[in-house]
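# Analysis of the macromolecular model
Each chain is listed here by its residues.
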Amino acid sequence: EAINKASAGATIYSTSGTYLFSTNGSPNVVIINNDIKLSGGWNSDFTSQNGASTIDGANVNNGILVIAGNVFVENFIVQNSRSSNSGAIYIVNGNFTLKKSTLRNNVATSNGAGIFLDNGTLTIINSTISGNTAGSSGGGIYASNNSSTLVNIQNSTIAYNHASTGGGISRTNGAYHITNTIIANNSATSSPDCAGVIALANFNIIENTVGCSITSGSNNLNVDPQIDSNLTGVMLVHTLLTGSPAINAGSASGCPPTDQRGVARPQGAACDIGAYELIPLYTVTFNANGGTGSMSNQT
């Protein structure tokens, strides 16, 4: 109802909690046809943004349908959504930015279970796309319609998604520009992590590039990122394990000032790859029996 009443350019603040399908004319929990900013995770008196708002499709409805507009969504979890093309987010046309958000457990019987981009520009920053399943292509993200379609991904984690082709990301048209991002542990009959051409990729971990190619870029790793397979915390992120090759391996260029949880970046010599920044919990130095040493723990 707030979206229906909002004028172009409005910001809508949402408290933490779960939002379900109500009375839209089509089976979408949220329908956007205007320039709108959705800011989630606020407390009850809107003085602090320390959580996430949840859009739940109840395994029946699509999560967010964007018909047109410049749309910005932050601090949201979109889950349990279902459709033919797209489960969590369907962008018919427009410029869509997703920031500090998680898309999980969404299903598309055809393409793009996490995000289906038809026309426009998609920007993803500090976000997690995990556990989504597409019957055909693009378990995480699918770019579809024309050559001007563009997907920009910065410091995000796309993992544990599944599709027939392109378990992580896939495309028919358009271009992917990817920086400081983990695409790993996705599964598919063919092209598990990515399918098709990635136009530009810098400082990423793409574990399995079978079925996709990178046109330009540098400092990309084809290794196991060593992330926790579970989603944890308020924001539902995949944490980096101690010794992960993603630690201090990112580029400073474009690196956000915080991670998905709001933790300052970088914590070490460089920005970590992915949506999660590993921080030292403590470091202790000691002198015992004339000797010196140290021990540390990270989280």
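Here is a short report on the structure shown in this document. (Residues numbered from 1 in each chain as written. Predicted model: local features only at pLDDT ≥ 70, side-chain atom pairs only at ≥ 80, totals over all residues. Heavy atoms only, no water.)

With that settled, consider the overall build of the protein chain. Looking only at helices and strands, the protein chain has 1 helix and 30 strands in total. The C-alpha atoms of the protein chain give 19 Å as radius of gyration, which agrees with the globular expectation for 299 residues (19 Å, within 12%). Once the C-alpha set of the protein chain is aligned to its principal axes, its extents read approximately 75 × 50 × 30 Å. The buried share among the 299 residues of the protein chain stands at 49%. A separation threshold of at least 6 residues defines the contact pool for the protein chain, and within that pool the share at least 24 residues apart is 66%. About 11800 Å² of surface is accessible on the protein chain, with carbon and sulfur atoms providing 49% of the total. Both charge centroids of the protein chain, one from 9 positive and one from 13 negative side chains, sit 4 Å from each other. (Helix = DSSP H or I, 4+ residues; strand = E, 2+ residues; numbered from the N terminus. Rg over C-alpha atoms; globule rule 2.2 N^0.38 Å. Buried < 20%, exposed > 50% of the residue type's maximum accessible area, 1.4 Å probe, protein only. Contact = heavy atoms within 4.5 Å. Areas by Shrake-Rupley, 256 points an atom, 1.4 Å probe, with all protein chains shown as cover. Lys, Arg positive; Asp, Glu negative; His and termini not counted. Charge placed at Lys NZ, Arg CZ, Asp CG, Glu CD.)

Attention shifts here to unusual backbone geometry. That bond from Arg 265 to Pro 266 is cis: its omega, -15°, falls within 30 degrees of zero. Although it is not a glycine, Ser 86 adopts a positive phi angle of roughly 80°. Tracing the sequence through the fold places Ser 86 in the loop between strand 9 (82–83) and strand 10 (89–91). The exposure class of Ser 86 is buried, given its relative accessible area of 0%. Positive phi, close to 60°, is recorded for Asn 248, a residue that is not glycine. Of note, Asn 248 is situated in the loop between strand 28 (212–216) and strand 29 (280–288).

In this section: the environment of Leu 241. Summarising the element assignment, Leu 241 is placed in the loop between strand 28 and strand 29. C-alpha separation for the pair Leu 241 and Gln 226, spaced 15 residues apart in sequence, amounts to 5.7 Å. Among residues more than four places away in sequence, those in contact with Leu 241 are Gln 226, Ile 227, Asp 228 and Ile 247.

This part is about the sheet that holds strand 6 (residues 62–68). Across a sheet, paired strands are connected by hydrogen bonds in the backbone, their directions being either parallel or antiparallel. With parallel pairing, 6 strands are arranged side by side in an open sheet as 3-6-10-14-18-22. Only two strands of the sheet have a single partner each, and these edge strands are strand 3 (28–33) and strand 22 (169–171). Across the sheet, the mean angle from the axis of one strand to that of its neighbour is 10°, orientation sign disregarded. With 5 bridges connecting them, strand 3 and strand 6 associate as parallel partners. Directly across from Ile 32, in strand 6, lies its bridge partner Val 66. (Pairing = 2+ DSSP bridges. Axes fitted to C-alpha atoms, helices over the stretch in contact; angles between N-to-C directions.)

Under the counting rule described, the total for this entry stands at 3 aromatic pairs. Judged by centre distance (5.3 Å) and plane angle (40°), the rings of Phe 116 and Tyr 142 are tilted. Here Phe 116 is found in strand 14 (residues 115–117), whereas its partner Tyr 142 is found in strand 18 (residues 141–143), with 26 residues between them in sequence. Feature note: the residues Tyr 90, Phe 116 and Tyr 142 constitute an aromatic cluster, connected by ring pairs. (Phe/Tyr/Trp six-rings, centres within 6.5 Å; stacked < 30°, edge-to-face > 60°.)

With that out of the way, let us pick up the state of the cysteines. Under the criterion given, the structure shown has 2 disulfides. A sulfur-sulfur separation of 1.9 Å characterises the disulfide bridge that pairs Cys 194 with Cys 212. Here the residue Cys 194 occupies a position in the loop between strand 25 (187–190) and strand 26 (196–202), and Cys 212 occupies one in strand 28, the gap between them amounting to 18 residues. Taken as a pair, Cys 194 and Cys 212 share a single burial class, namely buried. With cysteine numbering restricted to those in disulfides and following the sequence, the protein chain has the pairing 1-2, 3-4. (Disulfide = S-S within 2.5 Å.)

The subject of this paragraph is the environment of Ser 26. Secondary-structure assignment places Ser 26 in the loop between strand 2 (17–19) and strand 3. Ignoring sequence-local partners within four residues, the contact set of Ser 26 consists of Phe 21 and Ile 31.

Quick look at the nonpolar core now. Counting residues in hydrophobic clusters, the biggest one holds 40 residues, and the most contacted among them are Ile 89, Phe 96, Ile 115, Leu 122, Ile 141, Ile 169 and Tyr 176. For this core, the element with the highest residue contribution is strand 3, accounting for 3 residues. Discounting chain neighbours no more than four positions away, the residues touching Phe 96 are Val 66, Val 71, Val 73, Ile 89, Ile 91, Thr 121, Leu 122 and Thr 123. By size, the runner-up hydrophobic cluster in this structure holds 15 residues, among which are Ala 52, Ile 77, Ala 159 and Ala 184. (Core = buried A, V, L, I, M, F, W, Y, C linked by side-chain atoms within 4.5 Å.)

Time to look at the layout of surface pockets. Put simply, the largest pocket is a space of about 490 Å³. What lines the largest pocket is a set of 19 residues, among which Glu 1, Ile 3, Tyr 19, Val 29 and Val 30 lie closest to the centre. Only helix 1 (2–5), strand 1 (10–15) and strand 3 provide two or more residues apiece to the lining of the largest pocket. Among the elements that take part in the lining of the largest pocket, strand 1 stands out by supplying 4 residues, more than any other. A class-by-class count of the residues in the lining of the largest pocket yields 12 nonpolar, 6 polar and 1 charged. By volume, the second largest pocket amounts to about 150 Å³. (1 Å grid on protein atoms, 1.4 Å probe; cavity = no way out; pocket = protein on both sides within 12 Å on 5 of 7 lines; lining within 4 Å. Points joined across faces, edges and corners; volume = space filled by probe spheres on them. Nonpolar A, V, L, I, M, F, W, Y, C, P; charged D, E, K, R; others polar.)

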